[in-house]
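# Secondary and tertiary structure notes
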Amino acid sequence: MPHNSPPRAAGRDRALHKAFRSACQRYLAERRDHRFADRGMWLKLALLALGAAACYLLCLTPSGLAGYALCYFGFIFFAMMLVVNVLHDASHNAFCRSGAANAWLGRVISLPLGLDADSWQVRHVQFHHPYTNIQGYDPDIDENGVLCQTPFQRWKPVMRYQHLYWPLVAALTFPWYAWWMDWRDRLGNTPFTRHLPHQARVARGCFCLLKGAHFLLALGVPALFMAGKLSFITVLTVYLASQMLVSALFVSLLIGTHWAKGHFYPTPVKGAMPPSPYHHAFATTFDWGARPRLLGYWLGGLNLHLTHHLFPDWSHRHFTALSEIIGEVACAHGLAYRVLSVRDLLRLQRRHLTRMGANPTEDRRQ
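Reading the values: rules and limits
Residues numbered from 1 in each chain as written. Predicted model: local features only at pLDDT ≥ 70, side-chain atom pairs only at ≥ 80, totals over all residues. Heavy atoms only, no water. Helix = DSSP H or I, 4+ residues; strand = E, 2+ residues; numbered from the N terminus. Rg over C-alpha atoms; globule rule 2.2 N^0.38 Å. Buried < 20%, exposed > 50% of the residue type's maximum accessible area, 1.4 Å probe, protein only. Contact = heavy atoms within 4.5 Å. Areas by Shrake-Rupley, 256 points an atom, 1.4 Å probe, with all protein chains shown as cover. Lys, Arg positive; Asp, Glu negative; His and termini not counted. Charge placed at Lys NZ, Arg CZ, Asp CG, Glu CD. Core = buried A, V, L, I, M, F, W, Y, C linked by side-chain atoms within 4.5 Å. UniProt positions renumbered as here; feature names shortened; annotations may be inferred. Salt bridge = Lys/Arg side-chain N within 4 Å of Asp/Glu carboxyl O. Axes fitted to C-alpha atoms, helices over the stretch in contact; angles between N-to-C directions. Parallel < 35°, antiparallel > 145°, perpendicular 65-115°, else oblique. Left-handed = near helix turned anticlockwise from the far one by under 90°. Nonpolar A, V, L, I, M, F, W, Y, C, P; charged D, E, K, R; others polar. Phe/Tyr/Trp six-rings, centres within 6.5 Å; stacked < 30°, edge-to-face > 60°. Lys NZ or Arg CZ within 6 Å of the ring centre and 35° of its normal. Patch = residues over 30% accessible without salt bridge, like charges linked within 9 Å, V, L, I, M, F, W, Y side chains within 5 Å.

### Observations concerning the overall build of the protein
- Counting its secondary structure elements, the protein contains 15 helices and two strands.
- Computed over C-alpha atoms, the radius of gyration of the protein comes to 21 Å, within 12% of the 21 Å expected from 2.2 N^0.38 for 366 residues, which places it in the range of a compact globule.
- Referenced to the eigenvectors of the C-alpha coordinate spread, the extents of the protein come out at roughly 65 × 55 × 45 Å.
- Evaluated residue by residue, the protein yields a buried proportion of 50% over its 366 residues.
- Restricting to contacts in the protein with at least 6 residues of sequence separation, those with at least 24 account for 73%.
- Taken as a whole, the protein presents about 17,400 Å² of accessible surface, with 65% of it coming from carbon and sulfur.
- Looking at the protein, you have 37 positive and 20 negative side-chain charges, and the mean spots of the two groups are 1 Å apart.

### Some details on the side chain of H308
- Summarising the element assignment, H308 is placed in helix α12 (residues 305-310).
- For H308, a relative accessible area of 2% gives the class buried.
- Not counting the four nearest positions on each side in its chain, H308 is found in contact with H88, H92, H124, H129 and F319.

### Overview of the nonpolar core
- Residues Y68, Y72, M80, F95, L113 and F250 are the most contacted members of the largest nonpolar core, which totals 62 residues.
- Every element with two or more residues in this core is listed here: α2 (39-59), α3 (65-91), α4 (99-110), α6 (162-171), α7 (173-186), α8 (201-225), α9 (232-261) and α14 (342-358).
- Among the elements that take part in this core, α3 stands out by supplying 14 residues, more than any other.
- When near neighbours in sequence (up to four residues on either side) are disregarded, L113 contacts I76, A79, M80, V83, F174, A178, H214, Q243 and V246.
- Of all hydrophobic cores here, the second largest spans 21 residues; its members include Y27, Y278, W314 and L335.

### Remarks on the UniProt feature "transmembrane region" (unreviewed entry) in the protein
- Mapped onto the present numbering, the UniProt feature "transmembrane region" (unreviewed entry) falls on residues 41-59, 65-87, 164-181 and 232-255.
- End C-alpha to end C-alpha, residues 164-181 measures 25 Å, and it is 94% helix and 0% strand.

### A short note on the pattern of salt bridges
- Under the criterion given, the structure shown has eleven salt bridges.
- We note a salt bridge from R154 to E143, for which the minimum N-O separation is 2.9 Å. Pair noted here: R154 is in the loop between α5 (117-128) and α6 and E143 is in the loop between α5 and α6, with a separation of eleven residues, a long-range link.
- Looking at E143, the relative accessible area reads 33%, which means it is partly exposed.
- Note that D344 is salt-bridged to R338, the shortest N-O span being 3.5 Å.
- Through salt bridges with shared partners, a single network forms among R31, D33, D38 and R317.

### So, the packing of α9 against α14
- Two elements in contact, α9 and α14, have axes separated by 8 Å at closest approach and are oriented at 70 degrees. Classified by the interaxial angle, the pair formed by α9 and α14 is roughly perpendicular. Between α9 and α14 the crossing geometry is left-handed. On the side of α9, the interface is formed by S252, G256, T257, W259 and A260, while α14 contributes L345, L348, Q349, H352 and L353.
- Within the contact of α9 with α14, the residues separate by chemical class into five nonpolar, five polar and no charged.

### Describing the environment of A170
- With respect to the helices and strands, A170 occurs in helix α6.
- Since its relative accessible area comes to 4%, A170 is described here as buried.
- Separated by 46 residues in the primary sequence, A170 and H124 have C-alpha atoms spaced 16 Å apart.
- Contact partners of A170, with chain neighbours within four places excluded, come to S247, A248 and V251.

### Points about the packing of aromatic side chains
- Scanning the entire structure with this criterion turns up 19 aromatic pairs.
- A ring pair is formed by F20 and Y278, whose centres lie 5.5 Å apart and whose planes are at 25 degrees; its orientation type is stacked. Separated by 258 residues along the polypeptide, F20 in helix α1 (residues 14-31) and Y278 in helix α10 (residues 277-284) bring together distant segments of the chain.
- One Lys or Arg, K44, reaches over the ring of Y297 and ends 3.7 Å from the middle of that ring.
- For R107, the ring lying beneath its charged end belongs to W104, and the centroid distance is 4.5 Å.

### Thoughts on a nonpolar patch on the surface
- A cluster of nonpolar residues, W179, F215, F232 and I233, forms a patch on the protein surface that exposes about 410 Å² of accessible area.
- Considering the arrangement of structural elements, one finds I233 in helix α9.
- For I233, a relative accessible area of 57% translates into the label exposed.

Rendered as structure tokens:
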């Protein structure tokens, strides 16, 4: 990952930009609306928070292992849903109107899963979005020695089976970031450190306080209440299993659309990025259709991922309408816009991982 990220080309795709801007301004004017969260989004936040709180309290009541594990998983699942529906928007300053309010909302929402919202914002918003599928710039495709995600990464024989074992890698993502990468970012061991807000001692203290609060909430209190009923090892195992299950679900939803498209870029020579941000988004990202349609609402619009990449600072409550606008504008400007089915999405993901794992690097570049 380079330490300096070159700015994206300015003034490109003027016709596309003008068409999208006009259509979106007309859409908001007709509805007398804004791009941020509305009362419905705040109600969704409240319902998910209540679900998480109820499951957490239930897991602390006297019960056997099965009851504890089920309720605890419910707590972590609702916490993941809050990340999907609230933190994701807040990190793009699309939930509240105030940037500071979005930042603190994100920190609170991420506490049950132990993730650092500031590191997430830097990695996801400042790097993944503008540099999607670009080797050396997009942290989501960083070479990890376990998966070969692009034609420009080193290949190992074990990767022939990566289309089978990649869900395990996805499952380990949340624990890996919460207990390793967040600390490396904060301690200055990654190129993302200098992009983190407020590097003063107070900010580092806040980071440690939030990590401690996560440990206390997710492990300390349950271990205390379950003392004499369940061992700490059992409580820790339930914690890790729950984290891994929701991690597998979240990561597969988030990164799968970029794998499905199958377009990747080598590390740019002298920092020269793809010249067209709009065409780059269409080349690397898909929308896919959720069935039933209400599922897309509870997924926080993650299924409309191209829509999110084109309109990252809009609340996901607008994504269905925005996807229709994208279809109209894309057609008028000769861009292919396709909404995948879930079956097609999974098939293309598997095909990409199989192709990247089956052949030597030089062959895959053909």
